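Descriptive structure summary
Here is what each chain is made of, one letter per residue.
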Amino acid sequence: DSGVTQTPKHLITATGQRVTLRCSPRSGDLSVYWYQQSLDQGLQFLIQYYNGEERAKGNILERFSAQQFPDLHSELNLSSLELGDSALYFCASSAPGTPETQYFGPGTRLLVL
Amino acid sequence: AQSVTQLGSHVSVSEGALVLLRCNYSSSVPPYLFWYVQYPNQGLQLLLKYTSAATLVKGINGFEAEFKKSETSFHLTKPSAHMRDAAEYFCAVSEYNQGGKLIFGQGTELSVKP
């Protein structure tokens, strides 16, 4: 158990819908990272937040957005969902001063029908 | 731009045999390098990391990896495979001045035969 929690574990929805994935980092960690794992694209970095502020952006679609709240939990919002958005979404966190060492949550498996 | 190439999407070994999973990286600055393992239906677990200290890095579960700058490689090895090592393994790179963003290879699925 990494100490990073993600909810829900599984999500099934339809095309065009909007979903919110939630992540709670390890106690004391200020950074949260979101990654997408799909069969065709592999594991891709989406976005990073540090203490409530966006720090880095990867290949995140405009239909996707994220935020980190004052209690440091983070949410990834996916809207206008398409079949191709079906994937495993991971959240990771890291401690201040060691951004390279990331601890991953169990992931949320999203299926868009 | 950084990139990671894992040679071989599937590797199969017999129990007790040497495990060798290959990883080559591309980075314009000294990188941080990582190996993660993903068991079925689970998240990613850090096996080991290289952050510019000793070039031979020992990790959990008996795995180790050697950073070879001249070959831009960071291959993962384990002297004797166990059935429980069957999983998917990911090599990743991060530039120290890039805030920790990880760039992953495509993964290598390791099968262990009895």
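Please refer to the structure higher up on the page.
Here goes a summary of the coordinates provided.

**Some details on the overall build of chain A**
Across its full length, chain A carries zero helices and eleven strands. Sequence-ordered secondary structure for chain A, helices as α and strands as β, is β-β-β-β-β-β-β-β-β-β-β. The C-alpha atoms of chain A give 13 Å as radius of gyration, which agrees with the globular expectation for 113 residues (13 Å, within 12%). The principal-axis extent of the C-alpha atoms belonging to chain A is close to 40 × 30 × 25 Å. Burial statistics for chain A: of 113 residues in total, 52% are counted as buried. Counted over contacts in chain A with a minimum sequence separation of 6, partners at least 24 positions apart contribute 54%. Approximately 5,400 Å² of chain A is accessible, and the part contributed by carbon and sulfur atoms is 48%. In chain A, which carries 8 positive and 11 negative side-chain charges, the distance between the mean positions of the two groups comes to 4 Å.

**A word on the interface of chain A and chain B**
A common way to state how big an interface is: give the accessible area lost once the parts meet. Taken together, the 18 residues of chain A in the interface contact 18 residues of chain B. The junction of chain A with chain B conceals about 1,400 Å² of combined surface from both sides, 57% of it contributed by carbon and sulfur atoms. Summed over the three residues of chain A that lose the most area to chain B, namely Leu43(A), Glu100(A) and Phe104(A), the buried surface amounts to 40% of that side. Viewed at the interface, chain B and chain A are joined by zero salt bridges. Breaking the side of chain A that touches chain B down by element, the ones donating at least two residues are strand S4 (31-38), strand S5 (42-50) and strand S9 (87-94) of chain A. Sorting elements by how many residues they give to the side of chain A that touches chain B places S5(A) first, with four residues. In terms of residue class, the side of chain A that touches chain B is built from nine nonpolar, seven polar and two charged.

**Here we look at the sheet that holds strand S7 (residues 64-68) of chain A**
Residue and element names in this part refer to chain A. On the basis of which strands lie adjacent, the open sheet formed by four strands has the order S1-S3-S8-S7 and antiparallel pairing. Two strands bound the open sheet, and with one partner strand each, they are strand S1 (5-7) and S7. Neighbouring strand axes in the sheet, compared pairwise and without regard to direction, differ in orientation by 15° on average. Strand direction decides the pairing type here: S7 and strand S8 (residues 74-78), joined by five bridges, are antiparallel. Looking at the pairing, phenylalanine 64 lines up with leucine 78 of S8.

**Quick look at the state of the cysteines**
Here the structure, examined in full by the defined rule, presents two disulfides over all chains. Covalent S-S linkage joins Cys23(A) and Cys91(A), the inter-sulfur distance amounting to 1.8 Å. Here the S-S torsion is close to -50°, and the disulfide linking Cys23(A) with Cys91(A) is therefore left-handed. Taken together, the positions of Cys23(A) in strand S3 (residues 19-24) and Cys91(A) in strand S9 put the pair 68 residues apart, joining distant regions of the chain. With respect to class, Cys23(A) is no different from Cys91(A); both count as buried. Each sulfur of the disulfide joining Cys23(B) and Cys91(B) lies 1.9 Å from the other. Looking along the S-S bond of the Cys23(B)-Cys91(B) disulfide, the torsion reads about -65°, which is the left-handed sense. With a gap of 68 residues between them, Cys23(B) in strand S3 (residues 19-26) and Cys91(B) in strand S9 (residues 87-95) connect regions that are remote in the sequence.

**Thoughts on the side chain of His75(B)**
Residues and elements named next belong to chain B. Structurally, histidine 75 can be placed in strand S8 (residues 73-78). Among the polar contacts made by the side chain of histidine 75, one reaches the main-chain amide nitrogen of cysteine 23 at a distance of 2.9 Å. Not counting residues within four places of it along the chain, the set of residues in contact with histidine 75 comprises Leu20, Leu21, Arg22, Cys23, Asn24, Trp35, Glu64, Ala65 and Glu66.

**Regarding the side chain of Gln36(A)**
All names here are of chain A. Assignment of secondary structure puts glutamine 36 in strand S4. Since its relative accessible area comes to 10%, glutamine 36 is described here as buried. Within the structure, the side chain of glutamine 36 is placed 2.9 Å from the side chain of tyrosine 89, a separation counted as a polar contact. Setting aside its immediate chain neighbours within four residues, glutamine 36 contacts Gly42, Leu43, Gln44, Leu46, Phe64, Asp85, Ala87, Leu88 and Tyr89.

How each quantity is defined
The written sequence of each chain sets the order in which its residues are numbered from 1. For naming, the first written chain is A and the first written ligand is 1, with later ones following in the order written. In keeping with the predicted nature of the model, local features appear solely for residues at pLDDT of at least 70, side-chain atom pairs appear and are counted solely at 80 or more, and the whole-chain, interface and lining totals rest on all residues. Think of the side-chain values as coming from all heavy atoms in the structure, minus any hydrogens and water. Under the DSSP-based scheme used, a helix requires at least four consecutive residues in state H or I and a strand at least two consecutive residues in state E, with every element numbered from the N terminus. Within these notes, the globule rule equals 2.2 Å times the number of residues to the 0.38 power, and the radius of gyration is based on C-alpha atoms. Whether a residue is buried, partly exposed or exposed follows from its accessible area with a 1.4 Å probe, protein chains only, as a fraction of its type maximum: under 20%, in between, or over 50%, in that order. Residues count as neighbours in contact if any of their non-hydrogen atoms are within 4.5 Å of one another. Note on areas: Shrake-Rupley with a 1.4 Å probe; residue coverage comes only from the protein chains shown. The convention is simple: Lys and Arg are positive, Asp and Glu are negative, and His and the chain ends are not counted. Each charge is placed at NZ for Lys, CZ for Arg, CG for Asp and CD for Glu. Reported buried area values correspond to the accessible surface (1.4 Å probe) lost by two parts on association, with both partners' losses combined. Only one rule defines a salt bridge in this text: a Lys or Arg side-chain nitrogen within 4 Å of an Asp or Glu carboxyl oxygen. Only Asp, Glu, Lys and Arg are considered charged, only Ala, Val, Leu, Ile, Met, Phe, Trp, Tyr, Cys and Pro nonpolar, and every remaining residue, Gly among them, polar. In short, DSSP must find at least two bridges between two strands for them to pair. Here, axes are lines fitted to C-alpha atoms. For helices the fit covers the stretch in contact, and angles between N-to-C directions go from 0 to 180 degrees. Only a pair of cysteine sulfur atoms within 2.5 Å qualifies as a disulfide here. In protein, a polar contact requires one atom able to donate a hydrogen and another able to accept it; more generally it is a pair of N or O atoms within 3.5 Å, and residues adjacent in sequence count only if both atoms are side-chain atoms.

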